[in-house]
Amino acid sequence: MKQSTMVWIILTVIAGAYLTTRVVQYHAGAVYVAPKVMTDEESGRSVTTWSQVPDLEKDSPGVEFSFVRTLGIWVSAFFTLAVFSFLVGDNVIYKIAESIFVGASAAYAMVVGFWAAFMGIFVGRLAPQFSRNTFMPSLEPDVSPNWLMLLPLAMGIMFLWRLMPAGGWISRWPLAFFIAVFAGLRLVSHFEADFVVQIRSTLLPLIVFAADGSFNLKASLWNSTMVFGTLACLTYFFFSVEHTGVAGHISRVGIYLLMITFGVGFALTVMSRYSLLIGRMNFLLKEWLHFGGTV
Amino acid sequence: MKRLVPIVIASIVGFVLILAKFIPPIQSWEENVVLWFDILAVFAFVLGGGNLILNHLKKISDRQAGWGFSVITLVAFLGTLTVGLLKIGVPPNEKYLDYVWSGDYQAEGSAFWWVFSYVYVPLASTMFATLAFYISSAAFRAFRANNIEASLLLMTALLVLVAQTSSGPMLTDFIPDDSSYAIFKVENIKGMLVNLFNTLGTRAIMIGIALGVVSTSLKVLLGVDQSYLGGD
Amino acid sequence: MNTIWHKLADLDRRWLFALTFLAIGIPLLTGVVLPQKVSPMVVNVFDAIDTLPEGSSILMPLDFDPSAEGELQPMANAFVRHCAEKKHKIYFMTIWPQGVGMIQRQIALLKKEYPDYQYGKDYVNLGYRPGYEGVIKLITSDLPKLYDSDQQGTPVSQIPMMQGIDNIQQLPLIVNVSSGDPGLKQWVQYAATPYDSIEIVGGTTGVQASTLYPYIPNQMIGMLAGIKPAAEYEKVMFEKYPEIEERPESNLAHIFMTSQEVAHFMLIAIIILGNLVMWKTSGQGGRS
């Protein structure tokens, strides 16, 4: 047996033994639920739903241990560790987790789109009577079909024609519509919010006086840096003039200022990435292994 | 026909959206166009799902390397899709208990909710969480002060990193807030770096991108750029 | 030559992974919570919600997915708790499919901590609509055109707090939590910039934050950029509403900040060490 295999076997046994003690002593991963019974007074039909309760309430009346949700916590822990296993090296467990992620995430978006948009908007507006009798019972009975919805439905079907072996060009019509809306919306929004208003926000007084008429050095320096700094950075991006002489010096300052910008971006990115890891570690240590109690 | 009609559609739709900004009476046209766009967006998901199925089925039928993982992807895809579309385990709306399809598709306790909470959430969040490890590794290997630009970037990053802790600002707590040296307090240095230097640099980039978006959009709407139509 | 510096230059990156793992894991186990110094930006965001009259309507789009929950969940919790303390009406919505699950968590928080908050009267879940920024564009002028029903399929005409709401210009504040595009940037571009009546504050990831500062203060009141401002927000909130602090995990951002603190100093040490290694081994065949 290879030495590394031996090490992994020993580590797995130790981890298994440790997990067993966490389960026995601290009920690691255990989830408790409380029932809520809903009854329809007319038909007498009742339905029970279950909501998760804090561990502290596990001995309260009606509260039960939930096998399905406890299993869920263990499945979550498995997938978390499976993805982390990539840090040691590429392996089959990671690849399985990755494959499940790809499949589940695509299906998740489709399901949400189906119920929120296809059924909720299309079917709800095109066939209100059917919707009322099935998935939208609260829909008013006097709603009439909105036939205008047939237009986006037709475009949608043309859009999906792309998946057919022949006639894929049909999907170009709705695609053109799609691209045009993006282009039209973004042209206006970027021009207004990211160009006009940004220039307006940079038009600042270079010499600032306080309310009592005294010279405000700090605000003056701040504004001057903002105005000339922005211009220096823009000069760096302005390629119609050769970056030599005065333009070269200004663009050089622009590069330095941009480096400070990227430094800020890097630091904030670091903070961001560590936060995500902290979130996962918090799950493993607290929700799964119940360190420091649970809520 | 194959190219002219899409170009005409793109021009008309795009200019309706632009003109609606300036001519209020055609705002209702704009609203309808955007509504259809919003609805059409859901078909993008279907298209994505369809492509995923086709690609992985091809991989499986060709017995390409790693085809077994394609089987797992398809099983996860179809499993999630089935429990979500069929609302498995979804209780009916509490006001309409006789309507079995009336419940929220992601109601707590349903199969789809389970998949989201216990499969999707850990996988998605851990995939991104692993980036933290690579940041540590890259910081050791690549974050080097070998010239003025890199040194500026590095010093700024270090200052902001210190300021983004609880103890960082305490390092300069001895400087009174109302003193003329208050600008050297860690939190004030960070404030200046983020709110002034970062803002001006980002603003310049933003203005450049805005001009790029405007010109790219105009090219599409005027039919100059037809790359989105593909070949043929 | 095989000095300690050369050994460090060839250090297996898995040692750095292990160090990162410990730097984050151990502080979480200690349960130590560090004090936070509140920055003016956080106070501005807090005041935007707090100075509104009790019972004001707040649009709260949660445009993020589980991949950012470690960073954004604490601030989303804080925003919801703050709005509930002020008895504001909360209109949840999302333009991210995965945001549906994120809204669900906030509703679970409301049900647990504010059992008197009633659905339809104090908060509503409008759910997800596809269309990226097109959704924002449309609801600025006509909300019911796209949102004619809530997440449960109940027509908005039957929801008390939706009565008289024709578009989001009527809501005094948008509190957006987002982790990318479409998100806070698009809310500024399509809602806050064209309409003077729309005010916005946001919470976002550190990655996205640096690109959004130019919008402050003319197009956006302020934002929480990552976990540190979220912890500061908790602090301001605890000072004004001390009863929140008693609740379990109400100081989640504070708890996370302890690990964040250690991780930041670890990274600073790693960067300095990396540069020392480069300096000591440059020109001597070392990896630089």
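Everything numeric here is computed off the predicted structure, so don't read it as measured data.

1. Let's talk about the overall build of chain C
Moving on, step 1. Within chain C, the regular secondary structure consists of 12 helices and 6 strands.
Moving on, step 2. Each principal axis of the C-alpha atoms in chain C carries an extent, and together these give about 80 × 40 × 35 Å.
Moving on, step 3. Evaluated residue by residue, chain C yields a buried proportion of 57% over its 288 residues.

2. Thoughts on the overall build of chain B
Moving on, step 1. Counting secondary structure elements, chain B contains 7 helices and 0 strands.
Moving on, step 2. Taken from N to C terminus, the helices and strands of chain B fall in the order α-α-α-α-α-α-α.
Moving on, step 3. Taken over the C-alpha trace, chain B has a radius of gyration of 27 Å; the compact-globule value for 232 residues is 17 Å, which it surpasses by more than 25%.
Moving on, step 4. In terms of overall dimensions, chain B has C-alpha extents of about 70 × 50 × 50 Å along its principal axes.

3. Some details on the sheet that holds strand 6 (residues 222-225) of chain C
Residue and element names in this part refer to chain C.
Moving on, step 1. Pairing is parallel in the open sheet, where 6 strands are placed in the order 3-2-1-4-5-6. Every interior strand has two partners, whereas the edge strands, strand 3 (123-128) and strand 6, have only one. Averaged over all adjacent pairs, the angle separating strand axes in this sheet is 15 degrees, with direction ignored.
Moving on, step 2. Judged from the 4 bridges that link them, strand 1 (residues 57-63) and strand 4 (residues 173-178) form a sheet pairing that is parallel. When the sheet's bridge partners are listed, isoleucine 58 is paired in strand 4 with leucine 173.
Moving on, step 3. In the packing of helix 4 (residues 69-85) onto the sheet, the strands contacted are strand 1, strand 2 (89-94), strand 4, strand 5 (200-204) and strand 6, and the crossing angle to strand 4 comes to about 160 degrees.
Moving on, step 4. Its contacts with the sheet put helix 5 (residues 99-113) on strand 1, strand 2 and strand 3, and the angle it makes with strand 3 is roughly 165 degrees.

4. Points about the interface of chain A and chain B
Moving on, step 1. If you look at the interface, chain A gives 104 residues, while chain B gives 105 residues.
Moving on, step 2. For the side of chain A that touches chain B, the secondary structure elements donating two or more residues are strand 2 (46-53), helix 2 (67-84), helix 3 (92-126), helix 5 (150-160), helix 6 (172-202), helix 7 (217-237) and helix 8 (245-288) of chain A.
Moving on, step 3. The element best represented in the side of chain A that touches chain B is helix 3 of chain A, accounting for 23 residues.

5. Considerations on the environment of B:Leu35
Moving on, step 1. With respect to the secondary-structure elements, B:Leu35 resides in helix 2 (residues 27-61).
Moving on, step 2. The sequence separation of B:Leu35 and B:Leu131 amounts to 96 residues, and the corresponding C-alpha distance is 38 Å.
Moving on, step 3. Apart from the residues lying within four places of it in its own chain, the contact partners of B:Leu35 are C:Leu138, C:Lys145 and C:Leu146.

6. Details of the pairing of strand 3 of chain C
All names here are of chain C.
Moving on, step 1. Along strand 3, 6 of the 6 residues are buried, which leaves the element largely enclosed by surrounding structure.
Moving on, step 2. The pairing of strand 2 with strand 3 spans 4 bridges and is parallel. Bridge pairing in strand 3 places threonine 94 opposite tyrosine 128.

7. Re the domain arrangement of chain B
Residue and element names in this part refer to chain B.
Moving on, step 1. Partitioning chain B into domains gives domain 1 (1-69) and domain 2 (137-227).
Moving on, step 2. The straight-line distance from the C-alpha centre of domain 1 to that of domain 2 is 36 Å.
Moving on, step 3. Its residues assigned to classes, the side of domain 1 that touches domain 2 shows 3 nonpolar, 2 polar and 1 charged.

8. A short note on the sheet that holds strand 1 (residues 32-39) of chain A
Residues and elements named next belong to chain A.
Moving on, step 1. As summarised here, the arrangement of the 3 strands in space is 2-1-3, forming an open sheet in which the pairing is antiparallel. Looking at which strands have only one partner, the edges of the open sheet turn out to be strand 2 and strand 3 (64-65).
Moving on, step 2. Inspection of the sheet shows strand 1 paired to strand 3 by 2 bridges, in the antiparallel sense. Bridge pairing in strand 3 links valine 33 to glutamate 64.

9. Considerations on the interface of chain A and chain C
Moving on, step 1. Across the contact, 43 residues belong to chain A and 49 residues belong to chain C.
Moving on, step 2. For the side of chain A that touches chain C, the secondary structure elements donating two or more residues are helix 3, helix 6 and helix 8 of chain A.
Moving on, step 3. Looking at which element gives the most residues to the side of chain A that touches chain C, the answer is helix 8 of chain A, with 17 residues.
Moving on, step 4. Classifying every residue of the side of chain A that touches chain C gives 26 nonpolar, 14 polar and 3 charged.

10. Concerning the packing of helix 7 of chain A against helix 8 of chain A
Residues and elements named next belong to chain A.
Moving on, step 1. Direction vectors running N to C along helix 7 and helix 8 enclose 105 degrees, while the axes themselves pass 7 Å from each other. One finds that helix 7 runs roughly perpendicular with respect to helix 8. Note on element contacts: helix 8 touches helix 7 through Ala247, Ile250, Ser251, Val253, Gly254, Ile255, Leu257 and Leu258, opposite Gly229, Ala232, Cys233, Thr235 and Tyr236.
Moving on, step 2. By residue class, the composition of the contact of helix 7 with helix 8 is 9 nonpolar, 4 polar and no charged.

11. A look at the pairing of strand 6 of chain C
Residues and elements named next belong to chain C.
Moving on, step 1. Side chains of strand 6 alternate between two faces, with Gly222 and Leu224 and Met223 and Ala225 buried alike.
Moving on, step 2. Pairing of strand 5 with strand 6, which is carried by 4 bridges, proceeds in the parallel orientation. From the neighbouring strand, glycine 202 faces strand 6, where its bridge partner is methionine 223.

12. Looking at unusual backbone geometry
Residue and element names in this part refer to chain C.
Moving on, step 1. Note that the residue after aspartate 181, namely proline 182, is joined by a cis bond; omega there is -5 degrees.
Moving on, step 2. Examined against the element boundaries, proline 182 turns out to sit in the loop between strand 4 and helix 8 (184-192).
Moving on, step 3. Residue proline 217 is bonded to the preceding isoleucine 216 through a cis peptide linkage, with omega at 5 degrees.
Moving on, step 4. Its place among the elements puts proline 217 in the loop between helix 9 (206-209) and strand 6.
Moving on, step 5. Even without being a glycine, tyrosine 132 presents a positive backbone phi close to 50 degrees.
Moving on, step 6. Along the polypeptide, tyrosine 132 turns up in the loop between strand 3 and helix 6 (133-139).
Moving on, step 7. Residue tyrosine 132 is classed as buried on the basis of its C-beta count, with 20 C-beta atoms lying within 10 Å.
Moving on, step 8. Its identity as a non-glycine residue notwithstanding, glutamate 249 has a phi of 60 degrees, on the positive side.

13. Let's talk about the packing of helix 3 of chain A against helix 4 (residues 111-129) of chain B
Moving on, step 1. Packing of helix 3 of chain A against helix 4 of chain B brings their axes to within 10 Å, and their N-to-C directions diverge by 125 degrees. Considered as vectors, helix 3 of chain A and helix 4 of chain B are oriented oblique to each other. Taken as a pair, helix 3 of chain A and helix 4 of chain B cross one another with a handedness that is left-handed. Across the interface between the two elements, A:Ala97, A:Ile100, A:Phe101, A:Ala104, A:Ser105, A:Tyr108 and A:Val111 from helix 3 of chain A touch B:Phe112, B:Val115, B:Phe116, B:Val119, B:Tyr120, B:Leu123, B:Ala124 and B:Met127 from helix 4 of chain B.
Moving on, step 2. Across the contact of helix 3 of chain A with helix 4 of chain B, the residue classes break down as 14 nonpolar, 1 polar and no charged.

14. Here we look at the environment of A:Gly72
Moving on, step 1. If you trace the backbone, A:Gly72 turns up in helix 2.
Moving on, step 2. Take A:Gly72: there are 21 C-beta atoms within 10 Å of it, and that puts it in the buried class.
Moving on, step 3. Each C-alpha atom of the pair A:Gly72 and A:Gly29 lies 8.7 Å from the other, and the pair is 43 residues apart in sequence.
Moving on, step 4. Excluding residues within four positions of it along the chain, A:Gly72 makes contact with B:Trp114, B:Ser117 and B:Tyr118.

15. Here's the deal with helix 2 (residues 13-30) of chain C
Moving on, step 1. Between its first and last C-alpha atoms helix 2 of chain C spans 26 Å; for 18 residues at 1.5 Å apiece the expected length is 26 Å, and the two agree.
Moving on, step 2. The set of residues buried in helix 2 of chain C consists of C:Leu16, C:Thr20, C:Ala23, C:Ile24, C:Pro27 and C:Leu28. Looking straight down helix 2 of chain C, one finds its buried side chains confined to an arc of 115 degrees; they lie on one side. Away from its buried face, by an angle of more than 90 degrees, helix 2 of chain C presents the exposed residues C:Leu22 and C:Thr30.
Moving on, step 3. Where helix 2 of chain C is buried, its residues meet helix 8 of chain A, helix 5 (131-141) of chain B together with helix 12 (252-281) of chain C.

16. Let's talk about helix 8 of chain A
Moving on, step 1. For helix 8 of chain A, spanning 44 residues, the distance from its first C-alpha to its last is 63 Å, which sits close to the expected 64 Å at 1.5 Å a residue.
Moving on, step 2. A:His290 occupies a position one or two residues after helix 8 of chain A and carries a positive phi of about 60 degrees.

Basis of the calculations
Residues numbered from 1 in each chain as written. Chains lettered and ligands numbered in written order. Predicted model: local features only at pLDDT ≥ 70, side-chain atom pairs only at ≥ 80, totals over all residues. Helix = DSSP H or I, 4+ residues; strand = E, 2+ residues; numbered from the N terminus. Buried ≥ 20, exposed ≤ 12 C-beta atoms within 10 Å, placed from the backbone. Rg over C-alpha atoms; globule rule 2.2 N^0.38 Å. Pairing = 2+ DSSP bridges. Axes fitted to C-alpha atoms, helices over the stretch in contact; angles between N-to-C directions. Contact = placed C-beta atoms within 7 Å. Domains from an automatic or database assignment. Nonpolar A, V, L, I, M, F, W, Y, C, P; charged D, E, K, R; others polar. Parallel < 35°, antiparallel > 145°, perpendicular 65-115°, else oblique. Left-handed = near helix turned anticlockwise from the far one by under 90°. Expected span 1.5 Å × (residues − 1). Arc of directions from axis to C-beta.

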